[in-house]
2 protein chains.
Amino acid sequence: VLGNGDDCALLAPAPGMHLAVSTDMLVEGRHFLPTVAAERLGHKALAVNLSDLAACGARPLAYTLALALPRAEAGFLDAFARGLHAIADRFDCELVGGDTTRGPLTISITVFGEVPAGAALLRSGARAGDEIWVSGSLGDARLALELFRGTVAAPADALARTRRAMEEPEPRIGLGMALRGVASSAIDVSDGLAGDLEHILRRSGVGGVVDVDALPCSGDVAALSPVWQRTCLLFGGDDYELVFTAPAGRATAVLDAGAAAATPVTRIGRIVDGAGLHLADAEGREVTRPAASFDHFRESADPMS
Amino acid sequence: VLGNGDDCALLAPAPGMHLAVSTDMLVEGRHFLPTVAAERLGHKALAVNLSDLAACGARPLAYTLALALPRAEAGFLDAFARGLHAIADRFDCELVGGDTTRGPLTISITVFGEVPAGAALLRSGARAGDEIWVSGSLGDARLALELFRGTVAAPADALARTRRAMEEPEPRIGLGMALRGVASSAIDVSDGLAGDLEHILRRSGVGGVVDVDALPCSGDVAALSPVWQRTCLLFGGDDYELVFTAPAGRATAVLDAGAAAATPVTRIGRIVDGAGLHLADAEGREVTRPAASFDHFRESADPMS
């Protein structure tokens with residue numbers, strides 16, 4: 001109704017629509033490396049927020065941006081805005097408010113989407129017997145981070161291939177909208193598949209079994225040692241894929257939703273009675289968890305991510 | 001509809017209502033001093049956002065919080081949350097989403113309010129002949145800052161009296177709502193009366209004359225030298241009062257709105273044809289501007305506030 005420039009923006013969701021709201025803050029050195037190109041940073045800052053809308057099945061409408069910058073550098077700001085506006089335009093998401101201030105490089109975005117009343121995908125809807133699915137592929141972003149850190153050996157061109165997953169994730173908006181009425185629960189994978197799926201299990205009061213050999217990944221992740229491979233796939237973080245559940249009888253509808261959104265979807269497990277996440281291999285043998293977990297460039301077991 | 005804990009919160013404004021949205025970021029050393037008590041910081045972080053809702057005439061509904069903290073200190077967090085929740089409860093404003101991360105102390109809040117469609121107070125509605133009003137009193141927050149800095153001499157107890165204005169501003173929510181249908185334009189005074197009023201003048205395509213001798217202030221500000229007094233009153237910043245315009249024939253309605261909201265309102269000038277802000281004394285003589293302007297603890301003329 002009224003965009004940027006007044007004290008407030010005014011939004012009016014269409015009749016019968018709810019407004020979905022999410023907020024994320026990115027801090028330099030924690031959520032992105034100082035080496036990231038400003039344009040990619042602009043992309044990522046909005047992408048990680050859009051990913052939350054995708055996980056609710058919401059259509060993007062608008063966003064607000066609060067930005068702290070150490071100094072006003074036209075080159076940085078232009079490139080940042082270019083990346084930000086490109087993804088915003090692509091998803092019809094309008095900037096409706098902002099605040100720019102001097103300070104350590106920090107980006108805080110609040111994003112708004114709309115979803116028909118009662119149609120939002122929630123974390124709480126998984127039921128025993130449902131199947132567990134994931135979009136796209138997992139682990140590339142974490143692999144790129146480890147290649148930057150030099151902790152993992154890989155072919156010289158692996159960084160070029162995986163870096164984009166870390167720096168320019170693609171929010172699964174189309175898939176989230178196509179899964180309305182199909183998926184029983186959904187979440188986006190920001191902290192690693194295992195931890196994010198556990199949010200669904202806890203909220204839904206169920207357990208889950210994931211076939212780690214079924215997890216979709218790139219050739220670069222597939223070429224890693226078994227421990228690193230599972231670390232990247234299960235605890236990688238920054239994937240921004242959707243992990244979701246659907247009744248077993250809706251598998252065709254799930255595949256149709258993936259096709260409609262031009263997004264690969266892979267069945268990776270099932271929901272069971274009980275609690276907690278169990279990992280199994282293709283033969284159904286229990287798999288022990290690797291020790292590592294996602295750390296957003298930080299020591300692990302940190303309560304603040 | 002759905003609060004914190006899922007990927008998104010879901011909001012549903014009542015039929016006929018628009019959702020007013022505003023966002024502000026506070027950075028340590030820039031928007032607050034490291035000496036501020038955590039409880040007051042929690043209050044201020046939401047108060048400055050609620051002040052934007054007040055300027056639109058919106059009723060608070062909900063907010064999201066993104067918080068970067070150097071370390072998880074239970075004492076700090078408890079006190080911060082106490083101050084935040086106290087003001088949130090007082091204005092019936094629910095926390096619906098958040099993100100906590102490690103980083104330099106930075107607080108970013110996005111606030112949501114509702115206002116009947118067409119009733120929002122905008123910056124663009126001032127017309128020649130309207131009168132200019134301001135709520136409460138001006139300049140105490142800037143005086144407190146200068147007392148901290150030691151740049152101004154004042155009685156020993158002046159800091160105790162004025163510090164609250166800087167650290168615990170009161171958003172003028174009740175007044176903003178009471179001014180729906182009465183005020184022709186409004187803005188909240190965050191960067192100083194002169195600069196914020198100029199936003200109204202520019203957006204409305206009009207000029208304004210302010211009687212600097214009519215500006216309401218505390219005894220502490222009244223006791224300052226003329227230059228410091230006008231600096232605090234006109235360029236003080238952090239006042240979080242409302243400056244607004246109303247047709248000359250609505251003066252009684254403005255006074256009634258102030259009485260209904262238990263908020264003093266003072267007529268300080270008038271809107272004229274033309275452009276720009278003119279300052280006059282009680283005899284109508286033009287007043288030269290003091291050189292200083294509000295600086296959010298920074299060098300002046302900084303494009304980022």
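Use the structure listed above.
Residues numbered from 1 in each chain as written. Chains lettered and ligands numbered in written order. Predicted model: local features only at pLDDT ≥ 70, side-chain atom pairs only at ≥ 80, totals over all residues. Heavy atoms only, no water.

Q: Whenever I open this one, the pairing of strand β2 (residues 17–27) of chain B confuses me. Can you help?
A: The element β2 of chain B is extensively covered by neighbouring structure, given that 10 of its 11 residues are classed as buried. Pairing of strand β1 (residues 9–11) of chain A with β2 of chain B, which is carried by three bridges, proceeds in the antiparallel orientation. Bridge pairing links Leu-11 of chain A to Leu-19 of chain B in β2 of chain B. Examined bridge by bridge, β2 of chain B and strand β5 (residues 106–116) of chain B share 11 bridges and lie antiparallel to one another. Residue pairing across strands places Val-27 of chain B opposite Thr-106 of chain B, the latter belonging to β5 of chain B. (Buried < 20%, exposed > 50% of the residue type's maximum accessible area, 1.4 Å probe, protein only. Helix = DSSP H or I, 4+ residues; strand = E, 2+ residues; numbered from the N terminus. Pairing = 2+ DSSP bridges.)

Q: What is the right way to look at the packing of helix α1 (residues 38–56) of chain B against helix α2 (residues 74–90) of chain B in this model?
A: The description of two helices packed together rests on the angle between their axes and the distance between the axes. Residues and elements named next belong to chain B. Their axes nearest at 6 Å, the elements α1 and α2 cross at an angle of 40°. The pairing of α1 with α2 is recorded here as oblique in orientation. Here α1 runs over α2; the crossing is right-handed. Between α1 and α2, the residues in contact are Ala-38, Glu-39, Leu-41, Gly-42, His-43, Leu-46, Ala-47 and Leu-50 and Phe-76, Ala-79, Phe-80, Arg-82, Gly-83, Leu-84, Ile-87, Ala-88 and Arg-90, respectively. Residues belonging to the contact of α1 with α2 are distributed by class as follows: 11 nonpolar, three polar and three charged. (Axes fitted to C-alpha atoms, helices over the stretch in contact; angles between N-to-C directions. Parallel < 35°, antiparallel > 145°, perpendicular 65-115°, else oblique. Left-handed = near helix turned anticlockwise from the far one by under 90°. Contact = heavy atoms within 4.5 Å. Nonpolar A, V, L, I, M, F, W, Y, C, P; charged D, E, K, R; others polar.)

Q: Whenever I open this one, the sheet that holds strand β11 (residues 276–280) of chain A confuses me. Can you help?
A: Residues and elements named next belong to chain A. Read across the sheet, six strands follow the order β7-β9-β6-β10-β8-β11 without closing on themselves; strand pairing throughout is mixed. Edge positions in the sheet fall to β7 (185–188) and β11, since each has one partner strand and no second. Neighbour-to-neighbour, the strand axes of this sheet turn through a mean angle of 25°, independent of strand direction. Packing of helix α1 (residues 38–56) onto the sheet brings it into contact with β7 and β9 (242–246), and relative to β7 it is tilted by some 175°.

Q: Is there a simple way to explain the interface of chain A and chain B in this structure?
A: The extent of an interface is frequently quoted as the accessible surface area lost upon association of the parts. Across the contact, 60 residues belong to chain A and 60 residues belong to chain B. For the pair chain A and chain B, the number of links is zero salt bridges. The tally of links from chain A across to chain B stands at 12 residue pairs in polar contact (both at pLDDT 80 or more). Here the element with the most residues in the side of chain A that touches chain B is strand β2 (residues 17–27) of chain A; it accounts for nine residues. (Salt bridge = Lys/Arg side-chain N within 4 Å of Asp/Glu carboxyl O. Polar contact = N/O pair within 3.5 Å; in protein donor to acceptor, adjacent residues only side chain to side chain.)

Q: Looking at this model, I keep getting lost on the nonpolar core. Mind explaining?
A: Side chains of a nonpolar character, in soluble globular proteins, are inclined to be buried together. Ranked by size, the top nonpolar core spans 53 residues in total, and within it Leu-46, Leu-50, Tyr-63, Phe-80, Ile-107 and Phe-244 of chain B carry the most contacts. Mapped onto this core, the elements with two or more residues apiece are β2, α1, β3 (59–69), α2, β5, α5 (173–178), β9 (242–246) and α9 (251–260) of chain B. Per-element tally for this core: the top contributor is α1 of chain B, with 11 residues. Discounting chain neighbours no more than four positions away, the residues touching Phe-244 of chain B are Glu-131, Ile-132, Trp-133, Val-134, Ser-135, Leu-175, Leu-179, Ala-183, Ser-185, Ala-186, Val-254 and Val-265 of chain B. Grouped together as the second largest cluster of nonpolar side chains are 52 residues, Val-48, Leu-67, Ile-107 and Val-182 of chain A included. (Core = buried A, V, L, I, M, F, W, Y, C linked by side-chain atoms within 4.5 Å.)

Q: Explain the relation of the copies chain A and chain B here, please?
A: Two copies of a chain can be linked by a rotation about an axis combined with a shift along that same axis. Structural alignment of chain A on chain B gives an RMSD of 0.0 Å, achieved by rotating through 180° and translating 0.0 Å along the axis. The superposition operator between the copies reduces to a two-fold rotation axis. In this assembly the copies share their binding face: 100% of the residues contributing to the interface of chain A also contribute to that of chain B. (Least-squares fit on C-alpha atoms with pLDDT ≥ 70 in both.)

Q: Would you mind showing me how to read the environment of Gly-236 of chain A here?
A: Residue and element names in this part refer to chain A. For Gly-236, the position within the fold is in the loop between α8 (226–235) and β9. By relative accessible area, Gly-236 is classed as buried at 0%. On a C-alpha basis, the gap between Gly-236 and Arg-142 in space is 4.8 Å, while along the polypeptide they are 94 residues apart.

Q: Just checking my understanding: could you explain the sheet that holds β5 of chain B for this structure?
A: With respect to topology, five strands assemble into an open sheet ordered β1(A)-β2(B)-β5(B)-β3(B)-β4(B), the strand pairing being mixed. Looking at which strands have only one partner, the edges of the open sheet turn out to be β1 of chain A together with β4 (94–102) of chain B. On average, each strand axis in the sheet is tilted by 20° relative to the strand beside it, whichever way the strands run. The strands touched by α1 of chain B are β2, β3 and β5 of chain B; relative to β5 of chain B, the strand with the most contacts, the crossing angle is about 30°. Strands β3 and β5 of chain B of the sheet are contacted by α2 of chain B, whose axis makes an angle of about 165° with β3 of chain B.

Q: It is not clear to me how helix α2 (residues 74–90) of chain A should be interpreted in this structure. Could you clarify?
A: Given 3.6 residues to a turn, an α-helix orients residues that are three or four positions apart in the same direction. Residue and element names in this part refer to chain A. Its 17 residues give α2 an end-to-end C-alpha distance of 24 Å, which sits within 8% of 24 Å, the value for a rise of 1.5 Å per residue. For α2, the full list of buried residues reads Phe-76, Ala-79, Phe-80, Gly-83, Leu-84, Ile-87 and Ala-88. End-on view of α2: buried residues confined to an arc of 165°, all on one side of the axis. Exposed residues on α2 whose side chains face more than 90 degrees from its buried face are Ala-74, Gly-75 and Asp-89. Next to the buried residues of α2 lie α1, β3 (59–69) and β5 (106–116). The positive-phi residue at the C-terminal boundary of α2 is Asp-92, with phi of around 55°. (Expected span 1.5 Å × (residues − 1). Arc of directions from axis to C-beta.)

Remember that the coordinates give geometry; whether it matters functionally is a separate question.
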